[in-house]
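So the chains spell out like this:
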Amino acid sequence: MNDPRLLEWLEATRSLLKQSVSPQKFDELAKRREELKRSLESEPPSAPVSAELAAELSASETDLSQRLVGLEESIRSRIDELHLIREANCGYRPTRANRPAFISRSV
């Protein structure tokens, strides 16, 4: 029989891998996983973990790790793009303080 904490860990990991998880739910699941981790570290399972459960947990954790790395890279690239846009706007100075540099003729 497998430890119910490990089964709950697997379910939480699978839930995190779903694309439709809201940020609030993501935080709740991440906190629950941390609680389970502390619980398992302080009181390890009494019986050996089945090979099937261990393989499923390992695969889910690997997939989650890869997705988080991809998400981190995506966020970093977006931040870099925003920095470039911000730097491009820093050098802009209107010709006069009371008159904009570009006047639309369509008005």
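Before any of the text, the structure's been laid out above.
Residues numbered from 1 in each chain as written. Predicted model: local features only at pLDDT ≥ 70, side-chain atom pairs only at ≥ 80, totals over all residues. Heavy atoms only, no water.

Caption draft 1: Here's a closer look at helix α1 (residues 4–17). Counted at 1.5 Å a residue, the expected span for α1 with its 14 residues is 20 Å, and the 20 Å between its end C-alpha atoms agrees. Among the residues making up α1, those that are buried are Arg-5, Leu-6, Trp-9, Leu-10, Ala-12, Thr-13, Ser-15, Leu-16 and Leu-17. (Helix = DSSP H or I, 4+ residues; strand = E, 2+ residues; numbered from the N terminus. Expected span 1.5 Å × (residues − 1). Buried < 20%, exposed > 50% of the residue type's maximum accessible area, 1.4 Å probe, protein only.)

Caption draft 2: Broad picture of the side chain of Ser-15. Residue position: Ser-15 is located in helix α1. Judged by relative accessible area, Ser-15 falls into the buried class, the value being 14%. Every residue in contact with Ser-15, bar those within four places of it in the chain, is listed here: Val-21 and Leu-29. (Contact = heavy atoms within 4.5 Å.)

Caption draft 3: Inspection of the nonpolar core at higher detail. The biggest cluster of nonpolar side chains holds 7 residues, and these are Leu-6, Trp-9, Leu-10, Leu-36, Leu-40, Leu-53 and Leu-57. Listed by contribution, the elements that provide at least two residues to this core are α1, α2 (23–42) and α3 (51–90). Broken down by element, the residue count for this core peaks at 3 residues, all from α1. The next biggest cluster of nonpolar side chains, apart from the first, holds 5 residues, and it includes Ala-12, Leu-17, Leu-29 and Leu-64. (Core = buried A, V, L, I, M, F, W, Y, C linked by side-chain atoms within 4.5 Å.)

Caption draft 4: Inspection of the pattern of salt bridges at higher detail. Applying the stated criterion to the full structure yields 7 salt bridges. The salt bridge involving Asp-3 is made with Arg-5; its shortest N-O contact spans 2.6 Å. Residue Arg-14 pairs with Glu-56 through a salt bridge whose shortest N-O separation is 2.3 Å. With Arg-14 in helix α1 and Glu-56 in helix α3, this residue pair connects regions lying 42 residues apart in the sequence. For Arg-14, a relative accessible area of 38% puts it in the partly exposed group. Residues joined by salt bridges that share partners form a network here, namely Glu-8, Arg-32 and Glu-35. (Salt bridge = Lys/Arg side-chain N within 4 Å of Asp/Glu carboxyl O.)

Caption draft 5: Local environment of α2. Here α2 spans 29 Å end to end across 20 residues, near enough to the 28 Å set by a 1.5 Å rise per residue. Within the sequence span of α2, burial applies to Leu-29, Arg-33, Leu-36 and Leu-40. Buried residues of α2, seen end-on, are gathered within an arc of 65 degrees and therefore sit on one face of the element. More than 90 degrees from the buried face of α2, the exposed residues found are Pro-23, Gln-24, Lys-31, Arg-38, Glu-41 and Ser-42. (Arc of directions from axis to C-beta.)

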